[in-house]
Amino acid sequence: MDYQFRDIEKKWQQFWADKQTYKVDNSSEKPKYYVLDMFPYPSGAGLHVGHPLGYIASDIFARYKRLKGFNVLHPMGYDSFGLPAEQYAIQTGQHPALTTEQNIATYRRQLDQIGFSFDWSREVRTSDPGYYKWTQWIFMQLFDSWYNLEADKAEPVEQLVRHFETSGSKGIKAVHDEDVKTFSAEEWKAMSSNEQQEELLKYRLTYLKESTVNWCPALGTVLANDEVKEGVSERGGYPVEQKKMMQWSMRITAYADRLLQGLDTIDWPEPLKEMQRNWIGKSTGASVKFALESETIKAGGSGAALNPELSPLNFIEVFTTRVDTIFGVTFLVIAPEHELVPVLTTAGQKEEIENYIAQTKKKTELDRMADTKSVSGAFTGSYALNPLDGARIPVWIADYVLAGYGTGAVMAVPSGDQRDWLFARHFNLPVIQILDAQKDVEHAADATKEGTYVNSDFINGMTYQEAVPALIAKLEELGAGKAKIQYRMRDAIFGRQRYWGEPVPVYFKDGLPHLIEESELPLVLPEVDKYLPTEAGDPPLGRATDWKYREGLPYELSTMPGWAGSSWYWYRYMASPEDRKEDVFAPAKTIEYWKDVDLYIGGSEHATGHLLYSRFWNKFLKDMGYVQEEEPFKKLINQGMIQGRSNFVYRLINEDGIGTHVFVSHGLKDQYHTAPIHVDVNIVENEVLDIEKFRKFRPEFENAEFILENGKYICGVEVEKMSKSKFNVVNPDDIIERYGADTLRLYEMFLGPLEQSKPWNTNGIEGVFKFLRKFWKLFHNDQFELAVSDQEPVKAELKSLHKIIRKVEEDIERFSFNTSVSSFMICVNELTDLKCNKRSILQDLLVVLSPYAPHITEELWHLLGNEQGSLSYASYPQFNPAHLVEDEFAYPISVNGKMRLNLNISLTMEAPEVEKLVLENADVQKYLDGKTPKKVIVVKGRIVNIVV
RNA sequence: GCCUGGGUGGUGGAACUGGUAGACACGCAGGACUUAAAAUCCUGUUCUCCUUACAGAGAGUGCGGGUUCGAUUCCCGCCCCAGGUACCA
């Protein structure tokens, strides 16, 4: 029989499922190995060709580890809460649970077709109440914990309460909000229960915090940055503004240092660690308080007479990494949202400031950070005083300073910072040189730390190293500042004004949050009539009837963010179906056995989201004694993304900044003010939009009008991430139908290095398919009858085999799967040329290939007379270097670095002999042209280079 | 803007630690088989110049410099593309 991939693949997939070939035990004599994939969000578009890239790589690795004698845990599940399902629910009215269920069924069918060796008995779904019960439980543990800096770990809030009861707030070193109170034990006891709760909330690891969001008044909801395009909502094109809102937050900053230090202990790609380091952004500097002028004047004079008991509203606090430049400060810039803006704005500046704030509200944070070209700002009319010399410093607002970032205020030193310099130039503010080594600060800032200080009061003549401690000592003495370590990372917002997420197990009493009872978990997501915000602007949960705790107390209405369920899921996989009958997320004994993930494969787009939050929760769970390891993922490999080709249409924006129903063709878009919108690649051919299909694409586009070029609407194209929200998804089903799963597996690996991103194309797939047919033919005669001989192999055959045994071993260990596929092709080409049909060669080759192409090898394994299904637990062949020994090498001979010819020379010969032999050679002489070589470089077994 | 990665033939890519650039495939061209097509097999295929041919010369790994006997690989400066940038997951 010719290679019948359809029958073969169906047969073995069924066999593996029936016999539970890949079900794994939580105990074994073999060493454990945990191979984990980042689980997918089950989108309505189905699995796309990008998902399997990582899954195939991890499956090859898992299968290889089994052949190497490990007890391998290789699970899969679904990150099934998320925005797209909810969006679909809003459009169609269908319950997201239902569509999610359907999507998962599609994913499962697609995954099964690819022949993965997952232990499906351990599947998890984050939207399953049996799963999110534990996500809620972890939230409750976080709420009940505080971070003790003394012990450098999280501890139960009870311990904090006990301390307050015995010693008050004295001696507590904790991570907490800025505004905690100072009190004695008696004062604590005298507080009402509500007052106590209010105070404790400032210490809890999950707490309520005011933060800025993208508010869309027309939709009555908060939008993700992702959903805001060019300042308007992607959906509907409505204006979006920045608004403050009370939200749940996680005190991840408590773990900043441990998250930083842990990076040195794990085997992750260096760039990824670097990204996390930069995200955490530890910087050492000083915080400095600039008193407000009016207050200081009331206090009776200059900066020297500063009042150390300054209340929060009469100074501006800044953080700086260059406290040495403090005498170069010529203005302060605070965020337009800064709480002092209304206090500082003088009557004369009121209009200007208000206009500027209105402008700022239209921009997203990203826009504000990204725009460094245009300088903008407004003067409040007020002044602050330099704490060291009492200099009057004007206070400005500008949108490049972000409120949620540090103190929301910066001291501007135009001579040392280019951004400040540009600002000073633009608004005609002075520039003061502060170091003698600074070059020409009239033309550009110079951030040097060299030289000695000038124009700098008592630090004049000092170096940087001398000035910093002197300044900090002085600031501390004046009560106007101190040394400080600051992190760029902010506490993580932990709430979404959405329906399709985990309910927060909290109710409110007297406006204060309280946990529900643990025995009441899971708090199941209630039914609602529509998945939209309420008329009052509350999240969709506000629509649920009787969504009340005991005594009619209201529940929290927001739900948990997408990253909640994925921040601990690898522990749930450890729990076998039997384990899951116990009332714990995973039994201690089980965690003791699996400990951590040995290999984690996933996209680098999760570098600072999922991977940081997971490490944070893991550390917390360890502090609480629930898990063993400080770090959850020992080794991590980033798979590159399979990118999609996206198509765009360009929506005309009217003068009010609102999206219209008019769309401009790509070639004409620059003549109008437009915003690009993704359009489904399936309704675009050769970049020409099918207008009729577009009208049906989304109901809001039904009456769309088009500005065409040459009678056609031409779409824009970009290579970007493949995702349903970008409407550029290509799925693997067609490929499997046409070529089979083994071809898909090999082809995805053959595409290039795992870590690299590349746009999807199917150009080379034929070659991979042909390779499998050639491999099949090695075992068969021309009539396609099995024809394998038991003859002894010859040297060339053994060489071919052992080359591939070693190559694949090396390749898999360094995750270079693409080069293995090429090597398999070379091997099969060689054996075909040798007409090799010897069992002793082919059977070992088959085992080596089996992790890559499990179906065809399983079939041939069985045809060779082995027990059905035993291939997965066979042994990887032993490499014997004796078969690869060479006695000659074709030395490339270069003249002046240019390769001229090859010479076969014995490898037993040492460098001087080789040199002599080469120089005597007649062909070499020809290139020397009678000249004597200046120098001859001989690298044994590598190269000869003659310099003339 | 900032952080991270990438850029090699018509295409995907190989060259693992500074040592033969283009392995292995796709595509394309020519040929064999066939009434024909598909499938299969064989040959060629970085570019430019030169040559009837054999052969030969030069250039070449995004661009411009540098280090080195030798650079796709190391260093400096740029350009372009992708991912992340805190409510997509």
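Model, not experiment: these values are computed from the prediction.

As a further point, take the pattern of salt bridges. Enumeration over the complete set of coordinates arrives at 51 salt bridges. Where R204 meets D144, a salt bridge forms, and the shortest distance between an N and an O atom there is 3.7 Å. Here R204 is found in the loop between α8 (193-201) and β6 (206-216), whereas its partner D144 is found in the loop between α5 (129-143) and β3 (145-148), with 60 residues between them in sequence. Judged by its relative accessible area of 4%, R204 falls in the buried class.

UniProt marks K724 with the feature "binding site: ATP" (unreviewed entry), using the numbering shown here. Apart from the residues lying within four places of it in its own chain, the contact partners of K724 are S43, G44, A45 and V729.

Turning to the packing of helix α3 (residues 83-92) against helix α4 (residues 96-113), a few remarks are in order. At a minimum axis distance of 9 Å, the contact between α3 and α4 shows a crossing angle of 120°. Judged by the inter-axis angle, α3 sits oblique to α4. Judged by the twist between their axes, the crossing of α3 over α4 is right-handed. The residues of α4 that touch α3, namely those facing A85, Y88 and A89, are P96, T99 and T100.

Across the sheet, four strands lie side by side as β32-β31-β34-β33; this open sheet has mixed pairing. The open sheet has two edge strands with one neighbour each: β32 (898-906) and β33 (935-939). Here the strands of the sheet are splayed against their neighbours by 20° on average, with no regard to which way each runs. Relative to strand β34 (residues 943-947), strand β31 (residues 888-895) is paired through three bridges, and the arrangement is parallel. Looking across to β34, one finds that I893 is bridged to V944.

By the element assignment, R322 lies in the loop between β12 (315-320) and β13 (331-334). In sequence terms R322 and E227 are 95 residues apart; their C-alpha atoms lie 38 Å from each other. When sequence neighbours within four positions are dropped, the list of residues in contact with R322 reads M411, L435, A447, T448, K449 and Y464. In terms of polar contacts, R322 uses its side chain to reach the backbone carbonyl oxygen of T448, at 3.1 Å.

The rules we used
Residues numbered from 1 in each chain as written. Chains lettered and ligands numbered in written order. Predicted model: local features only at pLDDT ≥ 70, side-chain atom pairs only at ≥ 80, totals over all residues. Heavy atoms only, no water. Salt bridge = Lys/Arg side-chain N within 4 Å of Asp/Glu carboxyl O. Helix = DSSP H or I, 4+ residues; strand = E, 2+ residues; numbered from the N terminus. Buried < 20%, exposed > 50% of the residue type's maximum accessible area, 1.4 Å probe, protein only. UniProt positions renumbered as here; feature names shortened; annotations may be inferred. Contact = heavy atoms within 4.5 Å. Axes fitted to C-alpha atoms, helices over the stretch in contact; angles between N-to-C directions. Parallel < 35°, antiparallel > 145°, perpendicular 65-115°, else oblique. Left-handed = near helix turned anticlockwise from the far one by under 90°. Pairing = 2+ DSSP bridges. Polar contact = N/O pair within 3.5 Å; in protein donor to acceptor, adjacent residues only side chain to side chain.

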